[in-house]
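Take a look at the letters that make up each chain.
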Amino acid sequence: MEIENNNLNIENNTTVKEDEQKNFLESTLGKIVDSALDVGLRMLLPDVVEDGVIEVKDSLLKEGLKEGITTAVDGAIDLGKSVLGIFTGNFDNISQARDAIKNGGIIDGISDVLNKVINKTNEKGIIDEKIADLIINGKDAILDNVSNQIEEEFTNQIELVDKLSEYEEKWKGYFDNKDFEGMEQEYKKIEKSLEELLPMEETLKEARTIENLHTLIKNNGKNFDLSKEEMELASMLS
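Definitions and limits used
- Residues numbered from 1 in each chain as written.
- Predicted model: local features only at pLDDT ≥ 70, side-chain atom pairs only at ≥ 80, totals over all residues.
- Heavy atoms only, no water.
- Helix = DSSP H or I, 4+ residues; strand = E, 2+ residues; numbered from the N terminus.
- Rg over C-alpha atoms; globule rule 2.2 N^0.38 Å.
- Buried < 20%, exposed > 50% of the residue type's maximum accessible area, 1.4 Å probe, protein only.
- Contact = heavy atoms within 4.5 Å.
- Areas by Shrake-Rupley, 256 points an atom, 1.4 Å probe, with all protein chains shown as cover.
- Lys, Arg positive; Asp, Glu negative; His and termini not counted.
- Charge placed at Lys NZ, Arg CZ, Asp CG, Glu CD.
- Salt bridge = Lys/Arg side-chain N within 4 Å of Asp/Glu carboxyl O.
- Axes fitted to C-alpha atoms, helices over the stretch in contact; angles between N-to-C directions.
- Left-handed = near helix turned anticlockwise from the far one by under 90°.
- Nonpolar A, V, L, I, M, F, W, Y, C, P; charged D, E, K, R; others polar.
- Core = buried A, V, L, I, M, F, W, Y, C linked by side-chain atoms within 4.5 Å.
- Phe/Tyr/Trp six-rings, centres within 6.5 Å; stacked < 30°, edge-to-face > 60°.
- Parallel < 35°, antiparallel > 145°, perpendicular 65-115°, else oblique.
- Polar contact = N/O pair within 3.5 Å; in protein donor to acceptor, adjacent residues only side chain to side chain.

Asks: Explanation requested: the overall build of the chain in the structure shown.
Replies: A tally of regular secondary structure across the chain gives 10 helices and 2 strands. Each helix and strand of the chain, ordered N terminal to C terminal, gives the series β-β-α-α-α-α-α-α-α-α-α-α. Radius of gyration (C-alpha) of the chain: 23 Å, far over the 18 Å computed for a compact globule of 238 residues. Seen through its C-alpha atoms, the chain measures out along the principal axes to roughly 75 × 40 × 30 Å. When the 238 residues of the chain are sorted by exposure, 45% land in the buried category. The contacts of the chain with a sequence gap of at least 6 include a subset with a gap of at least 24, amounting to 73%. Carbon together with sulfur atoms contributes 45% to the accessible area of the chain, which is approximately 13,000 Å² in total. If you average the places of the 27 positive and of the 52 negative side-chain charges in the chain, the two averages end up 1 Å apart.

Below, the structure written as structure tokens:
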């Protein structure tokens, strides 16, 4: 959809590419593993000073941990989609993504990566055998933390979808009352929610329509007297 308004030209593009979802999950799950590793190393290496713990983690990263995690996440996504019979390339909702990650063996994949990288750094003499053994033997604690954080993240995602719907409904109420200040308040919440949500076409559809209409009114000096084409856009919200 494209609406022209004086010098304003906006599009309602809700097509989500497969790479967008994969990149989001790579980034989100990568941060979870990074956080769990921080906590786990401090717990497993209580006698090592802070700088030493940071050095151990940096060594693991330099020897391929980050790349390995990305590969593990991608593998879990692809395998999970296959198990669930998702052949369109995209997840339709948060629950699908969560189930795919679980069925794709994400924890086993991360476990294998940790084993390889820890052994590699030990063989090269970058970290000594005692520290390598402590991490390997305590690895399950790190993986449990990863698993719990992944579940928590997807729970938060589902809740955020519900909140987004609330913000959209409130925005539409303010729109009906021609209350631009109220619209602006909810619009900022919608924008923030979209930044934090796994991109999905169904989620984006109404949000992008609201963004377009909000921009039209704002750039018209907060004028709610819309043209016929603009009213057609507004009617999509009813």
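Next, the rest of the story.
Asks: Which parts of the structure should I look at to understand the pattern of salt bridges?
Replies: Any two side chains of opposite charge can pair, given that their charged atoms come close. In total, this model carries 16 salt bridges according to the counting rule given. In this structure, Lys102 engages Glu151 in a salt bridge whose closest nitrogen and oxygen atoms are separated by 3.0 Å. You can see Lys102 sitting in helix H4 (residues 94–103) and its partner Glu151 sitting in helix H7 (residues 139–176), a full 49 residues away along the chain. When its relative accessible area of 30% is taken as the criterion, Glu151 is described as partly exposed. Overlapping salt bridges bring together Asp34, Asp38, Arg42, Glu50 and Lys57 as one network.

Asks: I would appreciate a short explanation of the packing of H7 against helix H9 (residues 201–219) in the present structure.
Replies: Packed helix pairs are specified by the crossing angle of their axes together with the interaxial distance, meaning the distance between the axes. Between H7 and H9, the least distance of the axes is 11 Å, while the angle of their chain directions is 30°. Two packed elements cross with a definite hand, and for H7 against H9 that hand is left-handed. Here Leu164, Glu168, Trp171, Lys172 and Phe175 of H7 lie close against H9, whose contacting residues are Thr203, Glu206, Ala207, Ile210, Leu213, His214 and Ile217. Its residues assigned to classes, the contact of H7 with H9 shows 7 nonpolar, 2 polar and 3 charged.

Asks: Please explain the nonpolar core as it appears in this structure.
Replies: Within soluble globular proteins, side chains that are nonpolar tend to cluster in buried spots. Formed by 42 residues in total, the largest nonpolar core has its most connected members in Val56, Leu65, Ile110, Leu114, Val146 and Ile150. Elements that contribute at least two residues to this core include exactly helix H1 (18–44), helix H2 (50–62), helix H3 (65–84), H4, helix H5 (106–123), helix H6 (129–137) and H7. Per element, the largest residue contribution to this core is 9 residues, and it comes from H1. The residues touching Leu114, leaving out its near neighbours within four places in the chain, are Leu37, Leu65, Lys139, Ile142 and Leu143.

Asks: How do you make sense of the packing of aromatic side chains when you look at a structure like this?
Replies: The relative placement of two aromatic rings is captured by the distance of their centres and the angle of their planes. Tallied over the full model, the rule gives 2 aromatic pairs. Centroid distance Trp171 to Phe175: 5.5 Å. Interplanar angle 5°. Geometry classified as stacked. Here Trp171 pairs with Phe175, and both are found in helix H7, just 4 residues apart, close to one helical turn. Across the pair, exposure class does not vary: Trp171 and Phe175 are buried alike. Judged by centre distance (6.1 Å) and plane angle (45°), the ring pair of Phe175 and Phe224 falls under tilted. Here Phe175 is found in helix H7, whereas its partner Phe224 is found in the loop between H9 and helix H10 (228–235), with 49 residues between them in sequence. One exposure class covers both Phe175 and Phe224, and it is buried.

Asks: Sorry, what's going on with the packing of helix H8 (residues 180–196) against H9 here?
Replies: It is the contact of H8 with H9, at a shortest axis distance of 11 Å, that shows an interaxial angle of 140°. Looking at the two axes, H8 sits oblique to H9. Viewed along their axes, H8 and H9 form a crossing whose handedness is left-handed. Contacts between H8 and H9 involve Phe180, Met183, Glu184, Tyr187, Ile190, Glu191 and Leu194 from the former and Leu204, Ala207, Arg208, Ile210, Glu211, His214, Thr215, Ile217 and Lys218 from the latter.

Asks: It is not clear to me how the environment of Lys172 should be interpreted in this structure. Could you clarify?
Replies: Of note, Lys172 is situated in helix H7. The sequence separation of Lys172 and Val48 amounts to 124 residues, and the corresponding C-alpha distance is 56 Å. A polar side-chain atom of Lys172 sits 2.6 Å from a polar atom in the side chain of Glu206.

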